[in-house]
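The chain contents come next:
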Amino acid sequence: MSQQVGSNILVTEPTVGGTHKSVMKLLIGSGNEGLLFVTTSQTGRETIDLFEDCGGRYTKNRMAVVDASEEGRESVPLNIRTVSRPSNLTGINILYSSLYEQLQSSGIARVRTGFYDLSSLLTYNGDVRTIFRFLHTLTGRIKTSEGLGIFVIDPETQSEQTLRSLMQPFDGRGDTQVSDETADRHPGRRRRHRGVRTHDQGVR
Amino acid sequence: METRIYSDMDRETIAVLHVDGDRGVREDVAEQIGEYSDMSVTGTRTIERATDRLADDPVDCVISEYDLSDGTAFDLFSRVREQYPDAACILYTDATFAEIDNERSEEMVVEYLSKRIPGTEQRLPGLVRDITRGRMQVGYPVPENEDERLDTVTEYDLDEFASSPAFERLATLARSHFGVNAVFIGIMKAHEEELLACRGAEWSVFDRQNTICTYSMLEDGPTVIEDVQADSRFEHNERLEELGIRSWAGVDLTTPEGTVLGELCLIHDTPRTYDEADLEDLRLFAEEVVEQLELRRRIPPSETTPELGE
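Participant: Give a description of the packing of aromatic side chains that names residues and reports values.
Facilitator: Scanning the entire structure with this criterion turns up 13 aromatic pairs over all chains. Taking 6.3 Å as the distance between ring centres and 50° as the angle between the ring planes, the aromatic pair formed by phenylalanine 37 of chain A and tyrosine 116 of chain A counts as tilted. Of the two residues, phenylalanine 37 of chain A is situated in strand E2 (residues 34-39) and tyrosine 116 of chain A in strand E5 (residues 111-116); the sequence distance between them amounts to 79 residues. With relative accessibility at 0%, the residue tyrosine 116 of chain A sits in the buried group. An aromatic cluster of at least three residues, connected via ring pairs, comprises Phe115, Phe134, Phe151 and Phe170 of chain A. Above the face of the tyrosine 92 of chain B ring, lysine 115 of chain B is positioned so that its terminal group lies 5.6 Å from the ring centre.

Below you can see the structure in the form of structure tokens.
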């Protein structure tokens, strides 16, 4: 994966039947890159387990997690830091910036960010003005520092019109839907996989 | 109605206000930022003094230590955002995450830079420029070509056009044709939407973050929000409710070169629908507005004829 400038991708994936695995695979970079997770719908520990299930190797000195799930615990060995709840955008943003700075100041030039997921954030934070301010701040930091951001959202929690508006801070959108097997368990869901489409950033 | 007057400084010089009780830090920051000709910085030590400055001069960016003698940076940033919603706020502080009361102000989205990490003061000017020029803290979506779009908007002498009765006549006709409470012709500037004409309400300017237009500009074709309070993007916007904007329909004012200057908007105080014929008529009204704008752009005011409504 080559990048000339930082890129931010919004990936839609249904919560029911979605595994986040295809998204996680995008975040497994080279050994000298940093990785920052922000989790609101699963704990930091669960996120690290998923990362390792997908073939990633968790390395504390180049990785960190902001856990805003309300159910997670701080972990010094795993570099997991907690924020009170998904509605606390101030806490998420400050902790994210702080950890990002720490990774960069330790000599890591490029940081990948995985955000699981925006649906929870939108559920707890009704004011779209605050959401845009939050998204611009995170995606702006990623873009100006030549990083990569993958943000997951459940499309069934938002209207298509709202999704189109939320797309604006992002460079591309990828849609992932559930597999045939899952669709059989959940009638009405169909299988469709699209590659991550970007505008012109050259990501995938 | 919003009454502040933004400067056009964001297009030229970035005006920075720095608040820190430590004079040495203020001097260091002034020195760092002072090296750049596209930024100006004013330093002060308390929220009270900073508030006075805000009343006197517009700001594009506020940098603050967390602990101040008369409150916290969040108290200051709240005041800044009330007055200048698009201003960038940077917490440049000795305080660690654990020392910041982040639960008291959960929606205070700011940039955070720790003084404890060596060399961060040298990063401040770049951060200020990235956030302000890159519109990294605004509370609304921004078109991809925003810089070019704003350049095009400046080609139209909107102050001159606003005094033209032609736009008021078009708004009057549209209001009568569609049977709505209000109609306005809005031009989207960097931080605000300025109304060239408005009929049915006493509106002249909106903060950009409180406009539906800044969303519809990103859509193709006319946009209809039948019930604003049923749309998740706007249901929590208390300003729209205060103004009685319950139903909204708008179409882009697009130049012949394809740049969107603003919107022609229909407002109603109850939910309502529009059929295809209505939307086609709305497009025609918008085309007429753009044609009037184009005529006035091409002809200097001194040469404008009575036929153009002067």
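That shown, we press on.
Participant: Tell me what's going on with the nonpolar core, and back it up with residues and numbers.
Facilitator: If you look at the biggest cluster of nonpolar residues, it comprises 81 residues, and the most contacted ones within it are Leu91 and Trp203 of chain B. The dominant element in this core, judged by the number of residues it contributes, is helix H3 (residues 89-105) of chain A, at eight residues.

Participant: With reference to specific residues and values, describe helix H1 (residues 23-34) of chain B.
Facilitator: Residue and element names in this part refer to chain B. Taking 1.5 Å per residue as the helical rise, H1 with its 12 residues ought to reach 16 Å, and the 16 Å between its terminal C-alpha atoms agrees with that figure. The complete set of buried residues in H1 reads Val25, Arg26, Val29, Gln32 and Ile33. In a view along the axis of H1, the buried residues occupy a sector of 130°, so they form one face of it. Turned more than 90 degrees away from the buried face of H1 sit Arg23, Glu31 and Gly34, all of them exposed. On its buried face, H1 sits against strand E1 (14-19), strand E2 (39-44), strand E3 (61-64), strand E6 (88-93) and helix H4 (120-133). Its side-chain oxygen 2.8 Å from the backbone nitrogen of glycine 24, aspartate 22 forms the N-cap of H1.

Participant: Help me get a handle on the interface of chain A and chain B, residues and values and all.
Facilitator: With 39 residues of chain A at the contact, the number on the chain B side is 42 residues. Both faces combined, the contact of chain A with chain B buries some 3500 Å², and carbon together with sulfur accounts for 51% of it. When the buried surface of chain A facing chain B is broken down by residue, Ile94, Arg129 and Arg133 of chain A rank first, second and third, together holding 23% of it. The residue arginine 164 of chain A makes a salt bridge to glutamate 219 of chain B at a minimum N-O spacing of 2.9 Å. Mapped by element, the contributors of at least two residues to the side of chain A that touches chain B are strand E4 (80-82), H3, helix H5 (128-144) and helix H6 (160-166) of chain A. A class-by-class count of the residues in the side of chain A that touches chain B yields seven nonpolar, 24 polar and eight charged.

Criteria and thresholds
Residues numbered from 1 in each chain as written. Chains lettered and ligands numbered in written order. Predicted model: local features only at pLDDT ≥ 70, side-chain atom pairs only at ≥ 80, totals over all residues. Heavy atoms only, no water. Phe/Tyr/Trp six-rings, centres within 6.5 Å; stacked < 30°, edge-to-face > 60°. Helix = DSSP H or I, 4+ residues; strand = E, 2+ residues; numbered from the N terminus. Buried < 20%, exposed > 50% of the residue type's maximum accessible area, 1.4 Å probe, protein only. Lys NZ or Arg CZ within 6 Å of the ring centre and 35° of its normal. Core = buried A, V, L, I, M, F, W, Y, C linked by side-chain atoms within 4.5 Å. Expected span 1.5 Å × (residues − 1). Arc of directions from axis to C-beta. Contact = heavy atoms within 4.5 Å. Polar contact = N/O pair within 3.5 Å; in protein donor to acceptor, adjacent residues only side chain to side chain. Buried area = accessible area lost by both parts, 1.4 Å probe. Salt bridge = Lys/Arg side-chain N within 4 Å of Asp/Glu carboxyl O. Nonpolar A, V, L, I, M, F, W, Y, C, P; charged D, E, K, R; others polar.

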